[in-house]
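# Structural description and commentary
Now for the letters of each chain:
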Amino acid sequence: MTFSAEGQRLLGLGQLSIMNGQRPLLVDSAGKIVEIGRITPNIALVAASVTSLVVATAHLIATRDLIQRIELLQHNVNWLIKARQIDQWATFERIFYAAREICARPIDETARMELWRMRQELREQRIRLRREWQAKLAEIKIEPLWVDQLPPNVVEGILRNPLIRKMYDDALVREQKKTTQALDQTLSYPLLIELGWRLEHVLAVASQTELEFGMSISNEVEEVANIVQTIAEKGQRVKLQYWLVEPYNELVERYRQLSRWAPGSALPA
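Just so it is clear, the structure is predicted and the values come from calculations on it, not from any experiment. (Residues numbered from 1 in each chain as written. Predicted model: local features only at pLDDT ≥ 70, side-chain atom pairs only at ≥ 80, totals over all residues. Heavy atoms only, no water.)

Side chains that are nonpolar tend, in soluble globular proteins, to be buried together. In this structure, Leu115, Trp133, Trp197, Ile231, Tyr242 and Tyr248 are the most contacted members of the largest nonpolar core, which totals 55 residues. Those elements giving two or more residues to this core turn out to be α4 (83–103), α5 (109–138), α7 (162–184), α8 (188–206), α10 (218–236) and α11 (245–261). The element that contributes the greatest number of residues to this core is α8, accounting for ten residues. Leave out the neighbours within four places in its chain, and Trp133 touches Thr186, Tyr189, Pro190, Ile193, Val224, Ile227, Ile231 and Tyr248. (Core = buried A, V, L, I, M, F, W, Y, C linked by side-chain atoms within 4.5 Å. Buried < 20%, exposed > 50% of the residue type's maximum accessible area, 1.4 Å probe, protein only. Helix = DSSP H or I, 4+ residues; strand = E, 2+ residues; numbered from the N terminus. Contact = heavy atoms within 4.5 Å.)

When pLDDT is averaged across the chain, the result is 76; 67% of the residues are at 70 or more. At the level of individual helices and strands, the chain shows its lowest average pLDDT in helix α2 (residues 43–48), which scores 38, and its highest in α10, which scores 95. Below pLDDT 50 for its whole length, residues 39–67 participates in 42 contacts with residues either more than four positions away or in separate chains. Of the regions scoring below 50 in pLDDT, residues 73–81 engages in 21 contacts with residues more than four places distant in sequence or in other chains. (pLDDT = per-residue confidence, 0-100.)

A word on the packing of α5 against α10. The N-to-C vectors of α5 and α10 enclose an angle of 20 degrees; their axes lie 11 Å apart at closest approach. Here α5 is positioned roughly parallel relative to α10, judged by the angle of their axes. Once α5 is placed against α10, the crossing between them reads as left-handed. Residues Arg123, Arg126, Arg130, Trp133, Gln134 and Leu137 of α5 touch α10, and the partners they reach there are Glu220, Glu223, Val224, Ile227, Ile231 and Lys234. Residues of the contact of α5 with α10, tallied by class, amount to five nonpolar, one polar and six charged. (Axes fitted to C-alpha atoms, helices over the stretch in contact; angles between N-to-C directions. Parallel < 35°, antiparallel > 145°, perpendicular 65-115°, else oblique. Left-handed = near helix turned anticlockwise from the far one by under 90°. Nonpolar A, V, L, I, M, F, W, Y, C, P; charged D, E, K, R; others polar.)

Structure below.
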């Protein structure tokens, strides 16, 4: 595989890095795909480097990016101590160490089948997490303040009264705080779903099926996009721009890009 002159220049400057597999990709520091490598006759070198790449990538996920995300998103939400979520973490951790052991050796047909089995287990975990996330959000009831349910011209007239305006603003701040606290309690779901996607992507690279992975997650990514839209709409009911909507949308877009590169993808450009 080869890259364009500009791609090679940015790679040499350390502004881009290579994500290998059937078709090596140049990605930026945020994981966004910048360029797809062009096929050369020396394709065997790519396959030979997959094992070491997977081990290195898995190590990176475990020791840098994931830990940083946990620290950034956790805040004061102590969801990691809950038994159900500890079980979920244990499943991902078990798959991670088992996959790293398999990838430390040449990937033969038996290893590919085992990696495929792990991918299906990860997919089942993500489906369970997504449905739990949806159920948790459905329990969060958020309604606009009674003033905001009136016609706009009536609301404008009522809020001209300084005392009523002060009472309204105070009530709105309380509702926004309550909404934020409730939505923060669901932080574990997108974090675990993203971890599941990343782990499966690494396993797909190891078995040289990352293009198929891109196609297979397209519907799943759109389901998560719908959940993010639900969260945004819940916040809007109390005039709240929930602080994680933008990071969630960035997460969705990152995996949409993988789907777009996959042949036969029906996702919009």
